[in-house]
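Given next are the chains, with one letter for each unit.
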Amino acid sequence: MDKNKQGAVPRHVAIIMDGNNRWAKKRLLPGVAGHKAGVDAVRAVIEVCAESGVEVLTLFAFSSENWQRPAEEVGALMELFLGALRREAKRLLDNDISLRIIGDRSRFHPELQAAMREAEQLTAGNRRFTLQIAANYGGQWDIAQAAQRLAREVQAGHLQPEDITPQLLQGCLATGDLPLPDLCIRTGGERRISNFLLWQLAYSELYFSDLYWPDFKHEAMRKALADFATRQRRFGKTSEQVEAKARS
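Residues numbered from 1 in each chain as written. Predicted model: local features only at pLDDT ≥ 70, side-chain atom pairs only at ≥ 80, totals over all residues. Heavy atoms only, no water.

Here is the UniProt Subunit (unreviewed entry) comment for the protein, exactly as written: "Homodimer." UniProt, in the comment section headed Catalytic activity (unreviewed entry), describes the protein in these words: "8 isopentenyl diphosphate + (2E,6E)-farnesyl diphosphate = di-trans,octa-cis-undecaprenyl diphosphate + 8 diphosphate". (UniProt positions renumbered as here; feature names shortened; annotations may be inferred.)

We now examine the overall build of the protein. For the protein, the helix and strand inventory stands at nine helices and six strands. Scaling as 2.2 N^0.38, a compact globule of 248 residues should have a C-alpha radius of gyration of about 18 Å, and the protein matches this with 19 Å. For the C-alpha atoms alone, the extent of the protein along its principal axes is close to 55 × 50 × 35 Å. Put simply, 75% of the contacts in the protein that link residues at least 6 apart link residues at least 24 apart. Put simply, the protein shows about 13,400 Å² of open surface, and 51% of that area lies on carbon and sulfur atoms. (Helix = DSSP H or I, 4+ residues; strand = E, 2+ residues; numbered from the N terminus. Rg over C-alpha atoms; globule rule 2.2 N^0.38 Å. Contact = heavy atoms within 4.5 Å. Areas by Shrake-Rupley, 256 points an atom, 1.4 Å probe, with all protein chains shown as cover.)

This part takes up the sheet that holds strand β6 (residues 205-208). The strand order β3-β4-β2-β1-β5-β6 describes an open sheet built from six strands, whose pairing is parallel. The open sheet has two edge strands with one neighbour each: β3 (97-102) and β6. The average undirected angle you get between the axes of adjacent strands in this sheet is 20°. Across four bridges, strand β5 (residues 183-186) lies against β6 in parallel orientation. Bridge pairing in β6 links Cys 184 to Leu 206. Here helix α4 (residues 71-94) sits on the sheet and contacts β2 (56-63), β3 and β4 (129-137); the angle it forms with β3, its principal contact strand, is near 155°. (Pairing = 2+ DSSP bridges. Axes fitted to C-alpha atoms, helices over the stretch in contact; angles between N-to-C directions.)

Moving on: the side chain of Thr 175. In this fold, Thr 175 is placed in the loop between α7 (166-171) and β5. For Thr 175, a relative accessible area of 7% gives the class buried. When neighbours within four sequence positions are excluded, Thr 175 is seen to be in contact with Arg 100, Ile 102, Gln 132, Leu 197 and Gln 200. (Buried < 20%, exposed > 50% of the residue type's maximum accessible area, 1.4 Å probe, protein only.)

What follows is about the environment of Phe 62. The topology assignment puts Phe 62 in strand β2. Note: C-alpha distance between Phe 62 and Gly 138 (76 residues apart in sequence) is 9.1 Å. For Phe 62, the residues in contact, after removing those within four places along its chain, are Trp 67, Val 74, Leu 77, Met 78, Ala 134, Ala 135, Asn 136 and Tyr 137.

This next bit is on the packing of helix α3 (residues 31-52) against helix α8 (residues 218-229). Packed helices, taken two at a time, are described by their axes: the angle between them and the distance between them. For the pair α3 and α8, interaxial distance at closest approach is 8 Å and the crossing angle is 45°. Comparing their axes, α8 and α3 come out oblique. For the element pair α3 and α8, the recorded crossing hand is right-handed. Together, Ala 44, Val 45, Glu 47, Val 48, Cys 49, Glu 51 and Ser 52 of α3 and His 218, Met 221, Arg 222 and Leu 225 of α8 make up the contact between the two elements. When the residues that make up the contact of α3 with α8 are grouped by side-chain class, the tally is six nonpolar, two polar and three charged. (Parallel < 35°, antiparallel > 145°, perpendicular 65-115°, else oblique. Left-handed = near helix turned anticlockwise from the far one by under 90°. Nonpolar A, V, L, I, M, F, W, Y, C, P; charged D, E, K, R; others polar.)

What follows concerns the nonpolar core. Counting 45 residues, the largest nonpolar core has Val 13, Ile 15, Leu 57, Leu 85, Leu 131, Ile 185 and Met 221 as its most contacted members. Examining the composition of this core, we find that eight residues originate from one element, α4, more than from any other. In contact with Leu 85, not counting residues within four places along its chain, are Leu 99, Ile 101, Leu 112, Ala 115, Met 116 and Ala 119. Within the second largest apolar cluster, ten residues are counted, among which are Phe 60, Ile 102, Tyr 137 and Leu 197. (Core = buried A, V, L, I, M, F, W, Y, C linked by side-chain atoms within 4.5 Å.)

Moving on, we come to the packing of aromatic side chains. A complete count under the given rule lists eight aromatic pairs for this structure. Summarising the aromatic geometry, the rings of Phe 60 and Tyr 137 are spaced 6.2 Å apart at their centres and angled 85° between planes, so their arrangement reads as edge-to-face. Pair noted here: Phe 60 is in strand β2 and Tyr 137 is in strand β4, with a separation of 77 residues, a long-range link. A residue is classified by how much of its surface remains accessible, and Tyr 137, at 0% relative accessible area, is buried. Aromatic rings pair up to connect Phe 60, Tyr 137, Trp 141 and Phe 196 into one cluster. (Phe/Tyr/Trp six-rings, centres within 6.5 Å; stacked < 30°, edge-to-face > 60°.)

Here we come to the pattern of salt bridges. Tallied over the full model, the rule gives 19 salt bridges. A salt bridge links Glu 205 to Arg 231, with the shortest nitrogen-to-oxygen separation between them at 2.8 Å. A residue pair is termed long-range when its members are at least 10 positions apart, and Glu 205 in strand β6 and Arg 231 in the loop between α8 and α9 (239-247) qualify at 26 residues. Taking the relative accessible area as the measure of exposure, Glu 205 reaches 16% and is therefore buried. Here Arg 231 falls in the partly exposed class, since its relative accessible area comes to 27%. Among the ionic contacts, a cluster of salt bridges with common partners joins Asp 40, Arg 43, Arg 87, Glu 88 and Arg 91. (Salt bridge = Lys/Arg side-chain N within 4 Å of Asp/Glu carboxyl O.)

Below you can see the structure in the form of C-alpha cells.
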C-alpha cells in the first residue's frame, strides 16, 4: 500500500449504529427484531474495515441513556448482547480480531460481565484489528472518570494540578491507549453525536448516512471510507500548509 493511499484510510473508525427500531417499525416488527438484524451489519462493517486496513473500529452499542428505554426492550438487548458475545468470540479469535469493551460495566448482570471478560481474554492476543464495543458508555461519563483518576493522583501527592494537560487527561480516557477516531459515522438520518466519545471526536471527520443501521452493509461502508479519502484534514492549519506538507 503506497503512502498516499495509506494516508487516506482512517486508522480508527467510530460508528453510532442508529435506526434499528425504525427499521423494525417500518416492517411492522418489534424493536428487538431491528437489533437482531443489525448484527449482520456489524459483521459487514467489520469485514470492510479489516480488509481496508482500518486498525480500530468502535461501535456505540448501548449508551448510558439507553436504560431509559422500555424495560422489555432493554432486557431483550441484554439477551442479544450476551448471545452475540458467546457466539461471535470464536469468530473474532479465528480472524485475529481483538475485542475490547468500554463503559461502566457495574450495572450489567454478573453473567453478562463475565461473558465480557471471557470474550476479551479469549481474543486479547489478536493483532490484525481491534473491535471496541461501547456499552453503558457516555462521553461525559468517560471524561468524568478520567478527571477522577487524575484527582486521586493529586490527592495522593503523585501529581500537581498544574501538571494536568490535555494529553494527560486523554490518556486516562477509556480509549487512552488507542489512536483517536479519524472518522465518525452515524446511520439512521440523525445529525448529532449523542454523548459518544465527546473528547475523542474533537477533530474527527463526521459522516452521516440516511440508511437505518441494519441496511448499512458492505457497499455503504465502502462508500463512507471513499468519502473520507476525499476529505482534507487541516487540524487548524490552512489548506496551503497541508498541501505543502503533502508535497514534501
